Amino acid sequence: MSTQPLKDLSTLVSLAKRRGFVFQSSEIYGGLNSCWDYGPLGAQFKLNVKMTWWKAMTRRPEIVGLDAAILMHPQVWKASGHVDGFSDPLVDCKACKNRFREDHAQKKDGKTQCPRCGSLETTEAREFNLMFKTHMGPVADEGNTVYLRPETAQGIYVNFENVASSMRKKIPFGIAQIGKSFRNEITPGNFIFRTREFEQMEMQYFVKPGTDEEWFNTWKETRWNFYKTLGFNQDKLRFHEHVGNELAHYAKAAFDVEYEFPFGWSELEGIHNRGDFDLSQHQKFSGKKLEYFDEANKEKYLPYVIETAVGCDRLALAILCDAYREEGEDKDKRVVLGLKPQLAPIKVAFLPLSKKEELQSLSQKIYADFAEDYEVDYDESGSIGKRYRRQDEIGTPLCVTIDFDSLEDQKVTVRHRDAMTQDRVSLDQLKTYVDHKLREF
Ligand code: ATP
């Protein structure tokens, strides 16, 4: 049977809309550029993505979680460098008035070329800060400016002391956080790949200086293995090392995990050795000592930080792109999201073969029993073939069909998404069977 991977992003965007994964924000008003809403299946899928990451982090004995506020003291962003340095160089085209990022544009004869009309007549570059500003309290003046955080990491740094002492953590230890971040991106786009409001999953690992390079390598490997266990096609993942100008001034080393999206290889996650830059900046700006005291060796030092940072929405997109496949031809064609069960928004769908009362009541009883343990769906309308196709398209690993024989023999048919094979299973064995099968994927 022929199998085709995802060819273009628009195919996925339309599936996402049609099946309730992702809708354009404020669509009935014409939409809001680069903002997206997760529909019923998308919301559950995204939760699953987050839980998978959260478990991979916080189920290690030395990593704990955190949920810091989006609004932080404005000094935080002075200390972090975001007020002065978090900007992109913007230029305007004098011919067509297009505004674009100078660092993304081609140069011709030493001049910046407008990517839209090709003109070389452009303004000087102006730095445009990417942070969203707002005001705290009823009066909007300069004195009460606050920012929507452009990354979650700073909430972790400023809580380093609180977490270490309340949780009695000894170095090395990590703090993991999932939360919204906001960036007034100049070039958002590619669906949920780059948006102005997004969710990040960041983990900062505090280590003793001198052990940082080893920990950096360990985390590179650990994160690579994470993507492996999510079932990613390994040919579509690679590391990209930051060298020369790419490397942020404070970073000792940085690697991106890149994925080959339909629009090309792009960053999925950043893994950085940030040295003691962040803690030393916060120590300086807050006037509070953030040194760690190693009791065993009677040493005091400022820990180094290894950071792993991935966008939840971006990871969700990569997973969907990777899982999408089309199988067969013409009327036998089906679209499958080959999601790992832990990521699939629905684990089991219950499909009674008829709407007759007695079948319904048995089916609903089984459905209700499973709903206590799994995300489940119940679909009684349309031909069984169409119902299977719909479940394939949203990635449901198993479908359970209840037919008239079920009333007699207390057995149901379980149909597998990938192989499309079917097994007849006794109702009293069904949970054990499903549990076992879901682990096998
Ligand atoms: P980009 O690839 O957009 O230039 P970046 O290098 O600025 O991202 P980081 O600051 O390293 O990104 O942020 C860590 C992670 O957060 C990124 O790898 C990405 O997954 C996610 N992320 C950053 N900006 C966005 C955004 N605007 N929309 C969605 N995800 C984002």
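As a reminder, the structure under discussion sits directly above these lines.
Residues numbered from 1 in each chain as written. Predicted model: local features only at pLDDT ≥ 70, side-chain atom pairs only at ≥ 80, totals over all residues. Heavy atoms only, no water.

A. Seen up close, the sheet that holds strand E1 (residues 3-5). Spatial strand order, E1-E20-E21: three strands in an open sheet with antiparallel pairing. Whereas interior strands pair on both sides, the edge strands pair on one side only; in this sheet they are E1 and strand E21 (334-337). Ignoring strand direction, the axes of neighbouring strands in this sheet form an average angle of 30 degrees. When E1 meets strand E20 (residues 324-327), the two strands line up antiparallel, connected through three bridges. Within E20, the position partnered with Pro5 by the bridge is Arg325. Docked against the sheet, helix H9 (residues 312-323) engages E20 and E21, running at close to 15 degrees with respect to E20. (Pairing = 2+ DSSP bridges. Helix = DSSP H or I, 4+ residues; strand = E, 2+ residues; numbered from the N terminus. Axes fitted to C-alpha atoms, helices over the stretch in contact; angles between N-to-C directions. Contact = heavy atoms within 4.5 Å.)

B. Focus on the packing of aromatic side chains. With the rule as written, the count across this model stands at 23 aromatic pairs. With a centroid separation of 5.2 Å and an interplanar angle of 70 degrees, the aromatic rings of Phe193 and Phe263 are classed as edge-to-face. Within this pair, whereas Phe193 is found in the loop between strand E12 (173-182) and strand E13 (197-207), its partner Phe263 is found in the loop between strand E15 (253-261) and strand E16 (264-273), the two being separated by 70 residues in sequence. Classification of Phe263 as partly exposed rests on a relative accessible area of 29%. (Phe/Tyr/Trp six-rings, centres within 6.5 Å; stacked < 30°, edge-to-face > 60°. Buried < 20%, exposed > 50% of the residue type's maximum accessible area, 1.4 Å probe, protein only.)

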